[in-house]
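# What the coordinates show
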Amino acid sequence: MESKFLLLLLLLGFLGHTWAATDKVICYYASWAALRPEKGAFVAEDIDPNLCTHVNYAFLGLNHDGTLQILDEENDVNQGGLKRVSALKEVNPNLKVLLSIGGASADTGVFTTVAGTPELQQAMAQSAIEFFETYNFDGLDVDWEYPRGGDIGTYIDLLSALKTAFEPNGYLLTVAVNSIPGEVGGYDIPKMSDILDVINVMTYDFHAPWGNTAENSPLYGGDNESQWNRDNRNADAAIRYWLDGGADPQKLAIGIAFYGHTYKISPENHDLDSSAEGPGDPGPYTNNTFSLGYNEVCEFHPDGTVVFLDDMKVPYLYDDDFWIGYDNEESVTYKVQYAQEKNLAGVFIWSIDTDDMQGLCGESNGLLKAINKAIQ
Ligand SMILES: *[C@@H]1O[C@H](CO)[C@@H](O)[C@H](O)[C@H]1NC(C)=O
Ligand SMILES: *[C@@H]1O[C@H](CO)[C@@H](O)[C@H](O)[C@H]1NC(C)=O
């Protein structure tokens, strides 16, 4: 009797271990989306808290004294951006909300200074905890793009100091990392995997948005690509780099882009890897050179021709002189399935505010719903 019970316990333990779930849907929210015009505006209450397990509020900054910095007082505080996002936990009590600090346009020098100075590491940890308490957040996402050279050791020191300070209250610590193995190496993967709750591998922006037409976020290398590209410029190569480097798969999240890279082409020359005149025009909502949100693709190119690439598992769309390599419901589903095959923690999204939230091409929040459907 007793041995049967033990066997059952062992079996349950075994199942629990091997069946570690791919269940995280980490939703980055670009808080400035609240300020976009017309149908492009996306406020805290537009987030469906049942379609995300985590919401990462982007971005906060870092001061030279180590304290966290509010970047848009009006939007983040006066209009209640931060508190309205954490209030989503009243709808879904299992939801975790994190402050994301840094981002692609942040000053990296201040990270170098703070990471390299033990007192400033502590100041950053204490400031983060004060923010968690004030705004009812559950953790910090460090989006330092990127620690290089002499930062590699101090990056780990900073993460350790933050984790040690957060641990007594169970606050989460996550990071976002570069996805091109050959461009920014030097992460101490085993240590990061030990310290962190999640490592968000930014598996997009794989090609510079100039030159020939190219995909933003191919899942696999293309049959006709160079070996270097096949080894570096796709999500599978990036994830394998982290796994081969010693990351616990259950600490990794694969990135899914709700935007694409745009090009201006000659209408008759619309294949992948065709010469382009330059980037497409900025979208009316996101106003970025080189990219368009999925919502803008839907609304402004409803009659574009979509070509799905079987090797890379992503689509492109062309419409007269407009070309975009992007993600749709089919390609995001492939990425979720990939995460499941590799037993990853889950997926993250940059960023949920450019989904088809109005349902202009299908169901509202069609990409996020496709992800959730595939996760279950
Ligand atoms: C690779 O290039 C050849 C020759 O240009 C072309 O016929 C073929 O369709 C390409 N394959 C893919 C998967 O793009
Ligand atoms: C769009 O961005 C450019 C700078 O890239 C800026 O000059 C312009 O004012 C922006 N337009 C809108 C409508 O925000």
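Relevant structure appears above.
The written sequence of each chain sets the order in which its residues are numbered from 1. Each chain gets a letter, beginning with A, and each ligand a number, beginning with 1, in the order they are written. Thresholds applied to this predicted model are a pLDDT of at least 70 for local features of residues and 80 or more for the giving and counting of side-chain atom pairs; totals over whole chains, interfaces and linings are not thresholded and use all residues. Side-chain measures were taken over the full set of non-hydrogen atoms in the model, leaving aside hydrogen atoms and water.

## Overview of the overall build of the protein
- What the protein contains, in helices and strands, is 12 helices and 14 strands.
- The C-alpha radius of gyration of the protein comes to 21 Å, within 12% of the 21 Å expected for a compact globule of 376 residues.
- When the backbone C-alpha atoms are referred to their principal axes, the protein occupies close to 65 × 60 × 45 Å.
- The 376 residues of the protein split such that 56% are buried.
- By the convention used here, residues are in contact when the closest approach between their heavy atoms is within 4.5 Å. For the protein, the share of sequence-separated contacts (at least 6 apart) that also reach a separation of at least 24 residues comes to 74%.
- Here the protein displays about 15900 Å² of accessible surface, and carbon together with sulfur accounts for 50% of that area. The helix and strand labels rest on DSSP assignments: H or I over at least four residues marks a helix, E over at least two residues marks a strand, and numbering proceeds from the N terminus. Our radius of gyration looks at C-alpha atoms and nothing else; its globule reference is 2.2 Å times the residue count to the power 0.38. Here's how the labels work: a residue is buried when its accessible area is under 20% of the maximum for its type, exposed when over 50%, partly exposed in between, all with a 1.4 Å probe on protein chains only. Residue-level accessible areas treat just the shown protein chains as cover; the underlying method is Shrake-Rupley with a 1.4 Å probe.

## Brief notes about unusual backbone geometry
- The omega angle of the peptide bond from Glu-145 to Tyr-146 is 0°, so this bond is cis rather than trans.
- Here Tyr-146 shows up in the loop between β5 (139–143) and α6 (151–166).
- For the bond from Trp-350 to Ser-351, the omega torsion is -15°, close enough to zero to count as cis.
- Positive phi, close to 55°, is recorded for Asp-205, a residue that is not glycine.
- Structurally, Asp-205 is set in the loop between β7 (198–201) and α8 (227–232).

## Re the state of the cysteines
- The disulfide definition used here is simple: a pair of cysteine sulfur atoms within 2.5 Å. Counted according to the given criterion, the structure contains 2 disulfides.
- Paired through a disulfide, Cys-27 and Cys-52 show a sulfur-sulfur distance of 2.1 Å. Since a negative S-S torsion denotes a left-handed disulfide, the Cys-27-Cys-52 link at about -100° is left-handed. Of this pair, Cys-27 sits in strand β1 (residues 24–30) while Cys-52 sits in the loop between β1 and β2 (54–62), and the two are 25 residues apart along the sequence.
- By relative accessible area, Cys-27 is classed as buried at 0%.
- You can call Cys-52 buried: its relative accessible area is 3%.
- Across a sulfur-sulfur distance of 1.8 Å, Cys-298 and Cys-361 are joined as a disulfide pair. Taken as a pair, Cys-298 in helix α10 (residues 294–300) and Cys-361 in the loop between β14 (346–350) and α12 (366–375) lie far apart in primary sequence, 63 residues in all.
- Take Cys-361: its relative accessible area is 43%, and that puts it in the partly exposed class.

## So, helix α4 (residues 108–115)
- Taken together, the buried positions of α4 are Val-110, Phe-111, Val-114 and Ala-115. Buried residues in α4, looked at end-on, bunch into an arc of 125°, giving them a common side.
- Residues of α4 that are buried in the fold lie against β2, β4 (96–102), α5 (118–135), β5 and α6.
- Between N or O atoms, a polar contact is any pair within 3.5 Å; within protein, one atom must be a potential hydrogen donor and the other a potential acceptor, and residues adjacent in sequence are included only when both atoms are from side chains. Of the residues that open α4, the one with a side-chain oxygen 2.9 Å from the backbone nitrogen of Gly-109 is Asp-107. An arc is given here, and it is the one of the directions from the helix axis to the C-beta atoms.

## Thoughts on the sheet that holds strand β12 (residues 314–319)
- One open sheet accounts for 5 strands, arranged β10-β9-β13-β12-β11; its pairing is antiparallel. What marks the edges here is a single partner per strand, and that holds for β10 (291–293) and β11 (305–309). Here the average twist between neighbouring strands, direction ignored, is 30°.
- For two strands to count as paired, DSSP must find a minimum of two bridges between them. Pairing geometry for β12 and strand β13 (residues 322–325), over 4 bridges, is antiparallel. Opposite Leu-317, over in β13, you have Ile-324 as the bridge partner. Angles here are taken between N-to-C directions and fall from 0 to 180 degrees, while the axes themselves are lines fitted to C-alpha atoms, restricted in helices to the stretch in contact.

## Some points on the site of ligand 1
- The immediate surroundings of ligand 1 are formed by Asp-223, Asn-224 and Asp-311.
- Taking Asn-224, its side chain carries an N or O atom lying 2.2 Å from an oxygen atom of ligand 1.
- Surface burial for ligand 1 is 27%, taken as the share of its 360 Å² of free accessible area covered by protein chains. If even one non-hydrogen atom of a residue comes within 4 Å of a molecule or strand, that residue is called near it.

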